[in-house]
Amino acid sequence: MATFTANPSVDGYVQRAVSYSGRGAETWDEVTTNSTGTLANTSSVYLYTAATKQTSTSRWLCNRGLMSFDLSSMPADAVISAAKITVYVNTYFAQTTNGNQVMAFLWTGGSSISTADYNDFDASYTTNYESDISSTGADQDFTIDNTLLGWLQDNPQGNGSNLFNIMFRNRLDVNSADLSESDPTGFNAQLYRSQEYSTSSHRPVLTITYSTGYGNSVVDVASGNISSINGIATANISKVNDA
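Residues numbered from 1 in each chain as written. Predicted model: local features only at pLDDT ≥ 70, side-chain atom pairs only at ≥ 80, totals over all residues. Heavy atoms only, no water.

**Notes on the packing of aromatic side chains**
No. 1: Inspection of the entire model under this criterion finds 10 aromatic pairs.
No. 2: Ring centres 5.5 Å apart and planes at 85° place the aromatic pair Tyr-13 and Tyr-48 in the edge-to-face group. On the criterion of sequence distance, the pair formed by Tyr-13 in strand β2 (residues 10-19) and Tyr-48 in strand β4 (residues 46-54) is long-range, its members being 35 residues apart.
No. 3: Consider the rings of Phe-142 and Phe-168, whose centres lie 4.9 Å apart with planes at 45°: the pair is tilted. Remark: Phe-168 occurs in strand β10 (residues 163-170) and Phe-142 occurs in strand β9 (residues 138-143); sequence separation between them is 26 residues.
No. 4: Under the relative-accessibility criterion, Phe-168 is labelled buried at 2%.
No. 5: We note Arg-64 situated over the ring of Tyr-118; from NZ or CZ to the ring centre the distance is 4.0 Å. (Phe/Tyr/Trp six-rings, centres within 6.5 Å; stacked < 30°, edge-to-face > 60°. Helix = DSSP H or I, 4+ residues; strand = E, 2+ residues; numbered from the N terminus. Buried < 20%, exposed > 50% of the residue type's maximum accessible area, 1.4 Å probe, protein only. Lys NZ or Arg CZ within 6 Å of the ring centre and 35° of its normal.)

Here is the structure:
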């Protein structure tokens, strides 16, 4: 087995911040399903996921973290068995039930981040929920599993641009109605240290475990079989000649 590791080539977050009362107000479901964000940030030292009702400003805050990993150096014939993203949790808040859970989606954006990426994801490719975000100042492993792992196994060198793009979303953001979740009632957020953070060991890391060489093994087996067949045929011909 071999291991591939990479830091993000691009990371950041997109946000939609709108009023929940008065003129122009949106419901929480409208916030989560809107096609664009109101802010995009690629220079912060933090990746920021949030599903928050900010009573001090009468606003909803929905933040989605984005990371892009370059897989161009992965072998094309890699057979991937496992993958994870390790992030360093700077701080977190969970004032609503399940507000400390996060889910990853396949981000279908490119190599840059804009407000248009707010809903730029493929819901067919997701991980299971990661819970237990209950400590700060420590690494947190997010297992790439479920259909998102299947996508990675089918595309070991990433998409057409050799990228593996991830969107992190708070559980209350994913679809509160379908999951029977309450709307956010307070501050629910996770802050992870980003690729821009000064301490390199605190930056996000993608780790992929894989193996290769199956193609060569098949060729070797086939060559060996041919040699054996040739040997048997030659031996048989010699016996016929001797007779």
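**Thoughts on the environment of Met-67**
No. 1: Inspection of the secondary structure puts Met-67 in strand β5 (residues 59-70).
No. 2: For Met-67, a relative accessible area of 0% translates into the label buried.
No. 3: As for Met-67 and Ser-112, which are separated by 45 residues in sequence, their C-alpha atoms are 9.9 Å apart.
No. 4: Not counting residues within four places of it along the chain, the set of residues in contact with Met-67 comprises Pro-8, Val-10, Asp-11, Leu-47, Ile-85, Trp-107, Phe-164, Asn-165, Ile-166, Phe-168 and Pro-204. (Contact = heavy atoms within 4.5 Å.)

**Quick notes on the confidence of the model for the protein chain**
No. 1: Of all residues in the protein chain, 84% attain a pLDDT of 70 or more, and the chain-wide mean is 87.
No. 2: Below pLDDT 50 for its whole length, residues 215-241 participates in 0 contacts with residues either more than four positions away or in separate chains. (pLDDT = per-residue confidence, 0-100.)

**A few points about the environment of Thr-36**
No. 1: If you trace the backbone, Thr-36 turns up in the loop between α1 (28-33) and β3 (39-41).
No. 2: Residues Thr-36 and Ala-116, 80 residues apart in the sequence, show an inter-C-alpha distance of 4.9 Å.

**Some details on helix α2 (residues 146-154)**
Spacing of three or four residues puts side chains on the same side of an α-helix, whose turn is 3.6 residues.
No. 1: Of the residues making up α2, those classed as buried are Leu-148, Leu-149, Trp-151 and Leu-152. Projection of α2 onto a plane perpendicular to its axis shows the buried side chains occupying an angular sector of 155°, all on one side. (Arc of directions from axis to C-beta.)

**As for the pairing of strand β12 (residues 205-211)**
For a regular strand, side-chain orientation follows a simple rule: the groups alternate between the two sheet faces.
No. 1: Counting buried residues along β12, 5 of its 7 residues qualify, which places the element largely inside the surrounding structure.
No. 2: Bridging between strand β1 (residues 2-6) and β12 involves 5 bridges; their strand directions are antiparallel. Counted as the bridge partner of Thr-5 is Thr-207 from β12.
No. 3: With 7 bridges joining them, strand β6 (residues 79-94) and β12 adopt antiparallel strand pairing. Residue pairing in the sheet places Lys-84 in a bridge with Thr-207 of β12. (Pairing = 2+ DSSP bridges.)

**Focus: the pattern of salt bridges**
No. 1: The full count for this structure, using the stated rule, is 4 salt bridges.
No. 2: A salt bridge links Arg-16 to Glu-26; its shortest N-O distance comes to 2.6 Å. With Arg-16 in strand β2 and Glu-26 in the loop between β2 and α1, this pair connects stretches of sequence that are 10 residues apart.
No. 3: A relative accessible area of 9% places Arg-16 in the buried class.
No. 4: For Glu-26, a relative accessible area of 15% gives the class buried.
No. 5: Arg-64 is paired through a salt bridge with Asp-173; the nearest N and O atoms lie 2.7 Å apart. (Salt bridge = Lys/Arg side-chain N within 4 Å of Asp/Glu carboxyl O.)

**Points about the nonpolar core**
Buried together is how nonpolar side chains tend to be arranged in soluble globular proteins.
No. 1: In this structure, Phe-164, Phe-168, Tyr-192 and Ile-208 are the most contacted members of the largest nonpolar core, which totals 30 residues.
No. 2: Among the secondary structure elements, those contributing two or more residues to this core are β1, β5, β6, β7 (102-107), α2, β10 and β12.
No. 3: No other element matches β6, which puts 5 residues into this core.
No. 4: Sequence-distant contacts of Phe-168, that is, excluding residues within four places in its chain, are made with Thr-49, Arg-64, Gly-65, Met-67, Val-87, Val-102, Met-103, Ala-104, Phe-142 and Tyr-192. (Core = buried A, V, L, I, M, F, W, Y, C linked by side-chain atoms within 4.5 Å.)

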